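Structural overview for review
Below, each chain spelled out in residue letters.
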Amino acid sequence: VVSIRVSDIDYDYYRLWGGDLMRRGEPAEAIDRYERANRLTPGPARHAKLARLYLDAGRPDDARRVYEDGLRRQRAALEAARRAQRKQPGAWAPILTVGDHHVRVAELCDALTRLPDGGGDKAAEYATCRSAGLEDASDLISTLGEAEAWRARALERRVAGLRR
């Protein structure tokens, strides 16, 4: 049995519409659709794409607000994934999910340090958050056995990309 909520369908609709508008070079309209999508879900949503659109539009304060909201939501998703992982010790899928959330937290923290003001008064906090997220993801990847290691390669590439 699959449960699909109307809000999930609406979220996907506005998220995909925003992406299409972004590709067509219509950033103002894309911002509107991503904002609508993000209001429909309590989860991490499309904060990074929306924040980049705000930066491109010369709206760094809005970008910061969106990145920080995304970071708050991503941390909540990480905690939920950790709880799920504890219920299935040794299973590879929850490990990769937690690792993915660690990388997403690191990516958001990295983006916050790249804002025009360098992260402002929270720059050191964001830099620490970025490093910790990458280390935690790497530690989780190393717990996978050889048989499951191939599943972690994409995650490893994302970690390596952020370390550059």
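What you see is a predicted model, and the numbers here were worked out from it, not measured in a lab. (Residues numbered from 1 in each chain as written. Predicted model: local features only at pLDDT ≥ 70, side-chain atom pairs only at ≥ 80, totals over all residues. Heavy atoms only, no water.)

A separate point is the overall build of the protein. Regarding its fold elements, the protein presents eight helices and zero strands. Computed over the C-alpha atoms, the radius of gyration of the protein is 17 Å, within 12% of the 15 Å expected from 2.2 N^0.38 for a compact globule of 164 residues. Across its three principal axes, the protein shows a C-alpha extent of roughly 45 × 45 × 25 Å. Counting over 164 residues, the protein shows a buried share of 38%. For the protein, the accessible area works out to roughly 9,600 Å², and carbon and sulfur atoms hold 51% of it. In the protein, 30 side chains carry a positive charge and 26 a negative one; their mean positions are 3 Å apart. (Helix = DSSP H or I, 4+ residues; strand = E, 2+ residues; numbered from the N terminus. Rg over C-alpha atoms; globule rule 2.2 N^0.38 Å. Buried < 20%, exposed > 50% of the residue type's maximum accessible area, 1.4 Å probe, protein only. Areas by Shrake-Rupley, 256 points an atom, 1.4 Å probe, with all protein chains shown as cover. Lys, Arg positive; Asp, Glu negative; His and termini not counted. Charge placed at Lys NZ, Arg CZ, Asp CG, Glu CD.)

This part is about helix α8 (residues 153-163). Among all positions in α8, only Leu155, Val159 and Leu162 are buried. Seen from one end, α8 has its buried residues packed into an arc of 65°, which puts them on one side. Buried-residue contacts for α8 involve α5 (92-113) and α6 (123-143). (Arc of directions from axis to C-beta. Contact = heavy atoms within 4.5 Å.)

Our focus in this paragraph is the pattern of salt bridges. If you walk through the whole model with that rule in mind, you get 16 salt bridges. Across the pair arginine 73 and aspartate 69 runs a salt bridge, and its minimum N-O distance is 3.3 Å. A residue pair is termed a helical-turn pair when its members lie 3 or 4 positions apart in one helix, as arginine 73 and aspartate 69 do in helix α4 (residues 60-87) at four residues. If you follow the salt bridges from partner to partner, you end up with Asp100, Arg104, Glu107 and Arg158 in one network. (Salt bridge = Lys/Arg side-chain N within 4 Å of Asp/Glu carboxyl O.)

Their axes nearest at 8 Å, the elements helix α3 (residues 47-56) and α4 cross at an angle of 170°. Taken together, the axes of α3 and α4 are roughly antiparallel relative to one another. Residues His47, Ala48, Leu50, Ala51, Arg52, Tyr54 and Leu55 of α3 pack against Pro60, Asp62, Ala63, Arg65, Val66, Tyr67, Asp69, Gly70 and Arg73 of α4. Taken together, the residues of the contact of α3 with α4 sort by class into nine nonpolar, two polar and five charged. (Axes fitted to C-alpha atoms, helices over the stretch in contact; angles between N-to-C directions. Parallel < 35°, antiparallel > 145°, perpendicular 65-115°, else oblique. Nonpolar A, V, L, I, M, F, W, Y, C, P; charged D, E, K, R; others polar.)

Everything listed here is a matter of coordinates, which is why it stays silent on function.
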